[in-house]
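# Overview (structure and organization)
So the chains spell out like this:
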Amino acid sequence: MGNCLDSSAKVDTAQSSHATSGSAVSKLSSKTSRSSGPSSLTIQTFSETSNASSLPTPRSEGEILSSPNLKPFTFNELKNATRNFRPDSLLGEGGFGYVFKGWIDENTFSAAKPGSGMVVAVKKLKSEGFQGHKEWLTEVNYLGQLHHPNLVKLIGYCLEGENRLLVYEFMPKGSLENHLFRRGPQPLSWAIRIKVATGAARGLCFLHEAKSQVIYRDFKASNILLDAEFNSKLSDFGLAKAGPTGDRTHVSTQVMGTHGYAAPEYVATGRLTAKSDVYSFGVVLLELLSGRRAVDKSKVGIEQNLVDWAKPYLGDKRKLFRIMDTKLEGQYPQKGAYTAATLALQCLSTEAKVRPKMAEVLATLEQLENSKNAGRTSQSEQHTGAPVRKSPMRPHNSPRNLTPGASPLPSYRQSPRVR
Ligand SMILES: Nc1ncnc2c1ncn2[C@@H]1O[C@H](COP(=O)(O)OP(=O)(O)OP(=O)(O)O)[C@@H](O)[C@H]1O
Ligand SMILES: [Mg+2]
């Protein structure tokens, strides 16, 4: 079974006074709410009582924001760190807002001169209102407590008036989405693809196997960030949710996530389980194999939906090459590709129960990563029988490193998320 825990993984439980009101931090006023949500926000995230290895019970906004692991920044500090959010510091854009590159002093965390000190990524919330604030706070809540080499590190935040920002460790290679679907970066080799999948599986596994299970709910290529060595880290915990406890089999929620990645039973019923994340993992694995987006409206018919299109090929050794990314130029071990494709197929099972657990997924990927053929492609193993096809992927033409949503779903914040 894969080992999701790493010696450096931990859950912080230091701050848990359980105060529910009277927080020093400003509460959201109901006039800014888009929904009929409460005017003061207490995130009902963790349902187990606090002990040495579980996350604390629901915490007030004040408790969340007073995490000793997080630095509260002023807006001015982040303005200076990003050179006034200059367009040339822009790293990307998502549904939540824009992400800028910034520099801070390693010791004092105050703004530093560009090029000196520590590089950070500063995410600036663009939408106002209850939902935006809720997701922002959920992210601070989880990333303020969960620490693992495969989760992006949150350094601090800023909450000042309407301004909501998050400061993360900078991930020099950006998102997996950029590498798979954008023109520009070198195509990822087979070995790197397996490395990325393994790292991301380890991150999800850590969340699922935590004493108080966390369901990530937004697993997709744009939320997998890569460091200089292509180690992957999960980012964006705004939709994360505590898993079911006691005898419960699922948590019932408003359906949120991203079209193309969200598990069909969850979209249909709102019943969320860790197996919903496993489905999304299967979609990303398929993206890694095929180099195609989960949803691509520029394609015609069944090819618009990657899962629908690719599923029939995954269990067939002889046909698998038809869905493999042509950017790999046949440089992958056939056996390894078949193992990964079979794994993707299992993750994508329509019936959630038969999907493997993330620990099992991780174990298979680790084997694949460590197998003697990983990364190398012997002449005999390499796929040669396939006619050379043109890349199946019409490149997404973004000259800048911007990241538009993976799906064209309209929403009030132009997010690809399901709402
Ligand atoms: N810590 C980081 N280091 C480097 N680049 C980052 C970092 N965080 C985000 N980015 C870049 O900014 C882009 C936008 O990220 P963001 O999380 O806001 O949106 P998204 O994941 O693309 O979409 P969505 O809002 O639907 O999740 C990412 O795709 C990535 O390229
Ligand atoms: Mg993201």
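Residues numbered from 1 in each chain as written. Chains lettered and ligands numbered in written order. Predicted model: local features only at pLDDT ≥ 70, side-chain atom pairs only at ≥ 80, totals over all residues.

In the annotation of an unreviewed UniProt entry, the protein chain is listed under the name non-specific serine/threonine protein kinase and assigned to Quercus lobata. Annotation of the protein chain in UniProt includes, under Sequence similarities (unreviewed entry), the sentence "Belongs to the protein kinase superfamily." Of the comments in the UniProt record for the protein chain, the one headed Subcellular location (unreviewed entry) reads "Cell membrane". (UniProt positions renumbered as here; feature names shortened; annotations may be inferred.)

This paragraph deals with unusual backbone geometry. Positive phi outside glycine occurs at Phe-109, with the angle close to 65°. Mapped onto the elements of the fold, Phe-109 is located in the loop between strand E6 (97–104) and strand E7 (118–125). Judged by local crowding, Phe-109 falls into the partly exposed class, with 19 C-beta atoms found within 10 Å. (Helix = DSSP H or I, 4+ residues; strand = E, 2+ residues; numbered from the N terminus. Buried ≥ 20, exposed ≤ 12 C-beta atoms within 10 Å, placed from the backbone.)

A packed helix pair is summarised by two numbers, namely the angle formed by the two axes and the spacing between the axes. One can describe the packing of helix H7 (residues 274–290) onto helix H8 (residues 306–314) by two numbers: an axis separation of 11 Å at closest approach and a directional angle of 70°. As judged from the angle between their axes, H7 and H8 are roughly perpendicular. Together, Val-283, Leu-286, Glu-287 and Ser-290 of H7 and Leu-306, Val-307 and Ala-310 of H8 make up the contact between the two elements. Grouping the constituent residues of the contact of H7 with H8 by class yields 5 nonpolar, 1 polar and 1 charged. (Axes fitted to C-alpha atoms, helices over the stretch in contact; angles between N-to-C directions. Parallel < 35°, antiparallel > 145°, perpendicular 65-115°, else oblique. Contact = placed C-beta atoms within 7 Å. Nonpolar A, V, L, I, M, F, W, Y, C, P; charged D, E, K, R; others polar.)

Moving on to helix H5 (residues 190–209). The α-helix winds at 3.6 residues per turn, so residues separated by three or four positions along the chain end up facing the same way. Spanning 20 residues, H5 covers 28 Å between terminal C-alpha atoms, matching the ideal 28 Å at 1.5 Å per step. Where burial is concerned, most of H5 is hidden: 18 out of the 20 residues are buried. (Expected span 1.5 Å × (residues − 1).)

In the vicinity of ligand 1 there are 27 residues, among which Gly-92, Gly-94, Gly-95, Ala-121 and Ser-222 approach most closely. Contributing elements (two or more residues each) for the shell around ligand 1: strand E5 (90–93), E7 and helix H4 (176–181). Tallying contributions element by element places E5 first for the shell around ligand 1, with 3 residues. Of the domains in this structure, domain 1 (10–169) and domain 2 (174–414) are the two that each give at least three residues to the shell around ligand 1. (Near = placed C-beta within 6 Å. Domains from an automatic or database assignment.)

To continue, consider the sheet that holds E6. Spatial ordering of the open sheet is given by E4-E9-E10-E7-E6-E5, a layout of 6 strands whose pairing is mixed. Where the open sheet ends on each side, the last strands, each with one partner, are strand E4 (71–72) and E5. Pairing of E7 with strand E10 (residues 163–169), which is carried by 5 bridges, proceeds in the antiparallel orientation. Across the sheet, Val-122 pairs through a bridge with Val-167, a residue of E10. Relative to the sheet, helix H3 (residues 130–143) contacts E7, strand E9 (154–160) and E10, its axis offset from that of E10 by approximately 30°. (Pairing = 2+ DSSP bridges.)

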